[in-house]
Amino acid sequence: MFARNARQAIGTMLTRLFPGPFRATGTMFAAFLGVSLLTRVGLALFNGEAVEFLPWRMAGWLAIGTLYDIAAGVFLLLPFALLAWLWPARRARRALGVSNVVLAAVALAVLAFSSASEFVFWNEFSSRFNFIAVDYLIYTREVIGNIRESYR
């Protein structure tokens, strides 16, 4: 009963915030927030510190994380919003739906890969993605070359 009412409330809110052709934008925003929340809670569980699950601590890191995710989610929404906004009104809505499904599949694959990568990254560095550590992962050859050069 509660799950059905919650689903209806979320559906109503998404319909009001993202009307008509922008519905896919709202759906992807909700999916992004859900995946981000699951990743955040999963990393906290993976860390294994019980003190992080005290109600006053948990409310803090979930609230700050949700604000960050809302800001980051705006960038995920841009392709969907631009597609809905620039799609000609006289064109078939079915083609817009197919385009949204293809774009959503790519976005969800990137989200799943990113979430899985964060768990591997957390296991190695005990932190979430950050620019310095990610640069070390991306530019491995340059980093190894700099390390070798510094020990000569």
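This text follows the structure it describes.
Cut-offs used in this document
Residues numbered from 1 in each chain as written. Predicted model: local features only at pLDDT ≥ 70, side-chain atom pairs only at ≥ 80, totals over all residues. Heavy atoms only, no water. Helix = DSSP H or I, 4+ residues; strand = E, 2+ residues; numbered from the N terminus. Rg over C-alpha atoms; globule rule 2.2 N^0.38 Å. Buried < 20%, exposed > 50% of the residue type's maximum accessible area, 1.4 Å probe, protein only. Contact = heavy atoms within 4.5 Å. Areas by Shrake-Rupley, 256 points an atom, 1.4 Å probe, with all protein chains shown as cover. Lys, Arg positive; Asp, Glu negative; His and termini not counted. Charge placed at Lys NZ, Arg CZ, Asp CG, Glu CD. Core = buried A, V, L, I, M, F, W, Y, C linked by side-chain atoms within 4.5 Å. Phe/Tyr/Trp six-rings, centres within 6.5 Å; stacked < 30°, edge-to-face > 60°. Salt bridge = Lys/Arg side-chain N within 4 Å of Asp/Glu carboxyl O.

Participant: I tried to follow the overall build of the protein on my own but got confused; where do I start?
Facilitator: The number of helices and strands found in the protein is 6 helices and 0 strands. A compact globule built from 152 residues should have a C-alpha radius of gyration of about 15 Å, whereas the protein, at 20 Å, is more than 25% larger. Seen through its C-alpha atoms, the protein measures out along the principal axes to roughly 65 × 40 × 20 Å. Burial status across the protein gives 24% buried among its 152 residues. Across the protein, every contact between residues at least 6 apart in sequence was considered, and the portion connecting residues at least 24 apart equals 57%. Surface exposure of the protein reaches about 11,100 Å², of which carbon and sulfur atoms provide 69%. Taking the 14 positively charged and 8 negatively charged side chains of the protein as two groups, their mean positions are separated by 21 Å.

Participant: Please clarify how the nonpolar core should be interpreted in this entry.
Facilitator: As a rule of thumb, nonpolar side chains are buried together in soluble globular proteins. Met28, Phe32, Leu76, Phe80, Ala104, Ala107 and Leu111 form the largest nonpolar core, which has 7 residues in total. For this core, the secondary structure elements donating two or more residues are helix 2 (23-47), helix 3 (55-86) and helix 4 (93-125). Counting residues per element, this core draws most heavily on helix 4, which supplies 3 residues. Ignoring sequence-local partners within four residues, the contact set of phenylalanine 32 consists of Asp69, Ala72, Gly73, Leu76 and Leu111.

Participant: Just checking my understanding: could you explain the environment of leucine 86 for this structure?
Facilitator: Within the secondary structure, leucine 86 is located in helix 3. Classification of leucine 86 by relative accessible area gives exposed; the value is 60%. Note: C-alpha distance between leucine 86 and phenylalanine 29 (57 residues apart in sequence) is 19 Å.

Participant: What's the story with the packing of aromatic side chains in this structure? I'm lost.
Facilitator: To describe a pair of aromatic rings, you give the distance between the ring centres and the angle between the ring planes. Per the counting criterion, the structure on display carries 1 aromatic pair. Considering the side-chain rings of phenylalanine 46 and phenylalanine 119, the 6.1 Å spacing of their centres and the 80° angle between planes classify their relative orientation as edge-to-face. Of this pair, phenylalanine 46 sits in helix 2 while phenylalanine 119 sits in helix 4, and the two are 73 residues apart along the sequence. The class of phenylalanine 119 is partly exposed, set by a relative accessible area of 26%.

Participant: What is the right way to read the environment of alanine 30 from this model?
Facilitator: With respect to the helices and strands, alanine 30 occurs in helix 2. Given a relative accessible area of 32%, alanine 30 falls into the partly exposed group.

Participant: How should the pattern of salt bridges be read in this particular structure?
Facilitator: Between side chains of opposite charge, a pair can form when the charged atoms approach closely. With the rule as written, the count across this model stands at 1 salt bridge. One salt bridge in this structure joins aspartate 69 and arginine 40, with 2.7 Å as the shortest N-O distance. Here aspartate 69, found in helix 3, pairs with arginine 40, found in helix 2; they are 29 residues apart in sequence, far enough to count as distant. For the pair formed by aspartate 69 and arginine 40, the shared burial category is buried.

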